[in-house]
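Overview (structure and organization)
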Amino acid sequence: MKEKIRKAILPAGGLGTRFLPATKASPKEMLPIVDKPMIQYAIEEARACGINEFIIITGKYKRAIEDHFDSAYELEESLKKTGKKTLLEEISRLNNLNFAYIRQKAALGLGHAIYCARPFVKDEPFAVLLSDDIIDPETPLLRNMINLFKKLDSPILALEKVPMSEISRYGVIEGVSDGEENLFRINKLVEKPPPAIAPSDMAIIGRYILTPDIFDILEGIGPGKGGEIQLTDALFGLLKKRQIYGYLFTGQRYDAGDKLGYLKATVDIALKRPQISEPFKNYIIELADRIKLNI
Ligand code: UTP
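Below: a short report on this structure. (Residues numbered from 1 in each chain as written. Predicted model: local features only at pLDDT ≥ 70, side-chain atom pairs only at ≥ 80, totals over all residues. Heavy atoms only, no water.)

**Points about the overall build of the protein chain**
Regarding its fold elements, the protein chain presents 11 helices and 13 strands. Taking 19 Å as the expected radius of gyration for a compact globule of 295 residues, we find that the protein chain reaches 20 Å, a close match to that expectation. For the C-alpha atoms alone, the extent of the protein chain along its principal axes is close to 60 × 50 × 40 Å. Counting only residues that meet the buried cut, the protein chain has 46% of its 295 residues in that class. A fraction of 77% describes how many contacts in the protein chain between residues 6 or more apart in sequence connect residues 24 or more apart. (Helix = DSSP H or I, 4+ residues; strand = E, 2+ residues; numbered from the N terminus. Rg over C-alpha atoms; globule rule 2.2 N^0.38 Å. Buried < 20%, exposed > 50% of the residue type's maximum accessible area, 1.4 Å probe, protein only. Contact = heavy atoms within 4.5 Å.)

Written as structure tokens, this is what we have:
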């Protein structure tokens, strides 16, 4: 019987250097996209797939994440008294989820962040969501990956084709089609390769279904690219022991850990928000005209 995915790890221990100075004393993961912090989009995505145990890897200056997912008694009482039902529902609807926080003592890399969750995950398979990759909530990426896991009982990495000019920002795979649509058997992984030696244009994006045997590998690996303990290197080690699959995502993803991706996510998501979409769309049309006329 294949195990169910009940837990998700959300690494949030990084330094967020691409967003300095905003991230000097505040977590990047708490930057809002319209009115919700980035990390909440990832939590809601996982919850929609039946996951309700969350392990968040934090670090220095990340306390706001814990406060955000805690219940807010005073605020809730005040909203109750003033009859602000919708807002009350909005701030309390995640109250029944379980959160555990582990402090990564130094930002030693994504692989190290995942390893920190070992005592909480123990020996079951789990999902990993990087909250700065925002996935269009209308596309069932994580759900498809979980369904594939039920069938394959093997680690599954989300992939996206990216332009070669951007390939050196990602972990990149070499794989062969498995016959099933968008599914690949991975036979090589390289972290942040220069375009000339990249094995393909298929990059690993921030959604993973992993098995607990990754922890033994993470325990034994040293620093890789950029001096960080890289998850990609550990996955390459695991590949020598078992099959790993890649699932090619063709929907909309925003790299919101990067300024341009963050702005695109903000605009697109705002255009879908009922209360502001119309006036915001009108503003954008007016802005586009001004840009065209250079005024
Ligand atoms: P990123 O490289 O996108 O985030 O890592 P970063 O390091 O915070 O940001 P930059 O690159 O300096 O601008 C992907 C995810 O992995 C987490 C980050 O918090 C982010 O959610 N991470 C990274 C950790 O939890 N620990 C680390 O040591 C490194």
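Having seen the structure, we can now continue with the description.
**Some details on the side chain of Glu 191**
By secondary structure assignment, the location of Glu 191 is in strand S10 (residues 183–191). Overall, the relative accessible area of 9% leaves Glu 191 in the buried class. Within the structure, Glu 191 has its side chain in polar contact with the side chain of Thr 232 (distance 2.4 Å). Apart from residues no more than four positions distant in its own chain, Glu 191 is found in contact with Tyr 170, Gly 171, Lys 225, Gln 230, Thr 232 and Asp 233. (Polar contact = N/O pair within 3.5 Å; in protein donor to acceptor, adjacent residues only side chain to side chain.)

**Some points on the pairing of strand S11 (residues 202–210)**
Consecutive side chains along a regular strand alternate between the two faces of the sheet. Buried residues dominate S11, accounting for nine of its nine residues. In the sheet, strand S6 (residues 126–129) pairs with S11 via four bridges, with the strands oriented antiparallel. By the bridge assignment, Ala 127 is partnered in S11 with Ile 209. Note: strand S8 (residues 156–161) against S11, five bridges, orientation antiparallel. Looking at S11, one finds that Leu 159 is bridged to Ile 204. (Pairing = 2+ DSSP bridges.)

**A closer look at the packing of aromatic side chains**
This structure, assessed with the given rule, holds five aromatic pairs. Where Phe 19 meets Tyr 262, the ring centres are 5.2 Å apart and the plane angle is 75°; that geometry is what we call edge-to-face. Of this pair, Phe 19 sits in the loop between strand S1 (7–11) and strand S2 (32–33) while Tyr 262 sits in helix H10 (residues 259–272); the two residues are 243 residues apart in sequence, bridging distant segments of the chain. Accessibility assignment for this pair places Phe 19 and Tyr 262 in one class, buried. One aromatic cluster in this structure is built from Phe 54, Phe 69, Phe 99 and Tyr 101. One cation-aromatic arrangement involves Lys 36 over Tyr 41; the distance from NZ or CZ to the ring centre is 4.7 Å. The ring centre of Phe 236 lies 4.7 Å from the NZ or CZ of Lys 240, which sits over that ring. (Phe/Tyr/Trp six-rings, centres within 6.5 Å; stacked < 30°, edge-to-face > 60°. Lys NZ or Arg CZ within 6 Å of the ring centre and 35° of its normal.)

**Notes on the layout of surface pockets**
Considered as a void within the structure, the largest pocket measures approximately 1000 Å³ in volume. At four residues, the largest contribution of residues to the lining of the largest pocket is made by S11. Here the lining of the largest pocket is built from residues that sort into 14 nonpolar, 12 polar and 11 charged. (1 Å grid on protein atoms, 1.4 Å probe; cavity = no way out; pocket = protein on both sides within 12 Å on 5 of 7 lines; lining within 4 Å. Points joined across faces, edges and corners; volume = space filled by probe spheres on them. Nonpolar A, V, L, I, M, F, W, Y, C, P; charged D, E, K, R; others polar.)

**Here we look at the site of the ligand**
In the vicinity of the ligand there are 17 residues, among which Gly 13, Thr 17, Arg 18, Gln 104 and Gly 109 approach most closely. With respect to the ligand, the backbone of Gly 13 contributes an N or O atom lying 2.7 Å from an oxygen atom. Measuring from an oxygen atom of the ligand, one finds a backbone N or O atom of Gly 109 at 2.7 Å. When the ligand sits alone it has 560 Å² of accessible area, and the protein chains cover 84% of it. Here the ligand occupies the largest pocket. Residues that form the shell around the ligand fall into these classes: seven nonpolar, six polar and four charged. (Near = heavy atom within 4 Å. Areas by Shrake-Rupley, 256 points an atom, 1.4 Å probe, with all protein chains shown as cover. Sits in = over half its atoms within 2 Å of the grid points.)

**Observations concerning a positive patch on the surface**
Together, Lys 60, Arg 63, Arg 103 and Lys 105 give the surface a local cluster of positive charge. Examined against the element boundaries, Lys 60 turns out to sit in the loop between strand S4 (53–58) and helix H2 (63–69). (Patch = residues over 30% accessible without salt bridge, like charges linked within 9 Å, V, L, I, M, F, W, Y side chains within 5 Å. Salt bridge = Lys/Arg side-chain N within 4 Å of Asp/Glu carboxyl O. Lys, Arg positive; Asp, Glu negative; His and termini not counted. Charge placed at Lys NZ, Arg CZ, Asp CG, Glu CD.)

**Describing the nonpolar core**
Leu 10, Ile 43, Ile 51, Leu 142 and Ile 209 are the most contacted members of the largest nonpolar core, which has 39 residues in total. Dropping the residues within four chain positions of it, Ile 209 is found in contact with Ile 5, Phe 126, Ala 127, Leu 142, Met 145, Ile 146, Phe 149, Pro 155 and Ile 156. Formed by 34 residues, the second largest nonpolar core is a distinct cluster that contains Leu 159, Ile 186, Tyr 208 and Leu 238. (Core = buried A, V, L, I, M, F, W, Y, C linked by side-chain atoms within 4.5 Å.)

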